[in-house]
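Structural features, examined
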Amino acid sequence: ETGVTQTPRHLVMGMTNKKSLKCEQHLGHNAMYWYKQSAKKPLELMFVYNFKEQTENNSVPSRFSPECPNSSHLFLHLHTLQPEDSALYLCASSYQRDSLTDTQYFGPGTRLTVL
Amino acid sequence: AQKITQTQPGMFVQEKEAVTLDCTYDTSDQSYGLFWYKQPSSGEMIFLIYQGSYDEQNATEGRYSLNFQKARKSANLVISASQLGDSAMYFCAMREPYDGGFKTIFGAGTRLFVKA
């Protein structure tokens, strides 16, 4: 595998379910990100991890819980979601977060539908 | 105020012609970076091109070039010889200093349709 992979690609869940999204990067990067992309809205940064430590949480509701066990893996645990949480969730990674030229590379996303 | 503005929600271009996608940005910093990404219907955001604020020459990557006009704060993407596979959403982004580090802000995107 190369680049940034995400599983599953599609997920349908009820509001009472618990599920997890997985992201894996094979680029040797040190930073990982979760973004939410809703229809007709700009990309929203949710969480940032740098060397496994969470460095940003942009006022994300607690029903979204990230986990970063190492620099290559990032999870987003979901529980008691709302229909408005339906969106494309994109994972990204970058080499050096504290650099102006740092470029983020994205995975294919998980299309989440909450019923 | 919008930090990144992409005024064209949708654009059409004939195959093999060139197209310009507009992007203007707002920052008071002297050091910043500008990016363009392509998002096909499959969902993945693909990095296309980068321009630094101090770069004197416009960035080019294959059929992509960035028309950087610093005084006007614009960073338009030019795609030459459009191909059907260029049909996608295109996002402009700016990276700037923030709170002792940096942050990247994305525009709302422009959907490009390439006609055969």
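Above this text is the structure in question.
Residues numbered from 1 in each chain as written. Chains lettered and ligands numbered in written order. Predicted model: local features only at pLDDT ≥ 70, side-chain atom pairs only at ≥ 80, totals over all residues. Heavy atoms only, no water.

Digging into the state of the cysteines
The bond known as a disulfide is covalent and runs between the sulfur atoms of two cysteines. All names here are of chain B. This is how the line gets drawn: Working definition: a disulfide is two cysteine sulfur atoms within 2.5 Å of each other. A run of H or I in DSSP counts as a helix once it spans at least four residues, and a run of E counts as a strand once it spans at least two, with each numbered from the N terminus.
Inspection of the entire model under this criterion finds 2 disulfides over all chains. The partner cysteine of C23 in its disulfide is C92, sulfur to sulfur 2.0 Å. Between C23 and C92, the S-S torsion sits near -65°, and that sign places the bridge as left-handed. One end of the pair, C23, is in the loop between β3 (19-21) and β4 (24-25); the other, C92, is in strand β10 (residues 88-98), and 69 residues separate them in sequence.

Remarks on the sheet that holds strand β1 (residues 4-7) of chain A
Residue and element names in this part refer to chain A. Note the cut-off: Should DSSP find at least two bridges between two strands, the strands are regarded as paired. Angles here are taken between N-to-C directions and fall from 0 to 180 degrees, while the axes themselves are lines fitted to C-alpha atoms, restricted in helices to the stretch in contact.
With antiparallel pairing, the 4 strands of this open sheet are ordered in space as β1-β3-β8-β7. The open sheet has two edge strands, β1 and β7 (64-70), and neither has a second partner. On average, each strand axis in the sheet is tilted by 15° relative to the strand beside it, whichever way the strands run. As paired elements, β1 and strand β3 (residues 18-25) share 4 bridges and run antiparallel to each other. If you follow T7 over to β3, its bridge partner there is K22.

So, the interface of chain B and chain A
It is common to give the size of an interface as the accessible area that goes away when the parts come together. Formally: Contacts are assigned to residue pairs with any non-hydrogen atoms lying within 4.5 Å of each other. Note on definitions: buried area is the accessible-area loss of two parts on being combined, 1.4 Å probe, summed for both. A pair is scored as a salt bridge if a Lys or Arg side-chain nitrogen falls within 4 Å of a carboxyl oxygen belonging to Asp or Glu. In the analysis that follows, any N or O atom pair within 3.5 Å is treated as a polar contact, provided that within protein one partner can donate a hydrogen and the other can accept it, and provided that, for residues neighboring in sequence, both atoms belong to side chains. In this count, Pro and Cys sit with the nonpolar residues alongside Ala, Val, Leu, Ile, Met, Phe, Trp and Tyr, while Asp, Glu, Lys and Arg are called charged and the others, Gly among them, polar.
Facing 19 residues of chain B, the contacting portion of chain A comprises 20 residues. Of the roughly 1,600 Å² buried at the junction of chain B and chain A (both faces included), carbon and sulfur atoms supply 56%. Ranking the residues of chain B by area buried against chain A places B:R95, B:F102 and B:F106 at the top, with a combined share of 32%. Where chain B packs against chain A, one counts 1 salt bridge. Here A:D102 ties to B:R95 by a salt bridge, and the two come within 4.0 Å at their closest N and O atoms. On inspection of chain B and its partner chain A, the count reaches 5 residue pairs in polar contact (both at pLDDT 80 or more). Counting only elements with at least two residues in the side of chain B that touches chain A, the list comes to β5 (33-39), β6 (46-52), β10 and β11 (101-106) of chain B. Here the side of chain B that touches chain A gets 4 residues from one element, more than from any other, and that element is β5(B). Looking at the side of chain B that touches chain A residue by residue, the class counts come to 9 nonpolar, 7 polar and 3 charged.

Honestly, it's all geometry; don't read function into it.
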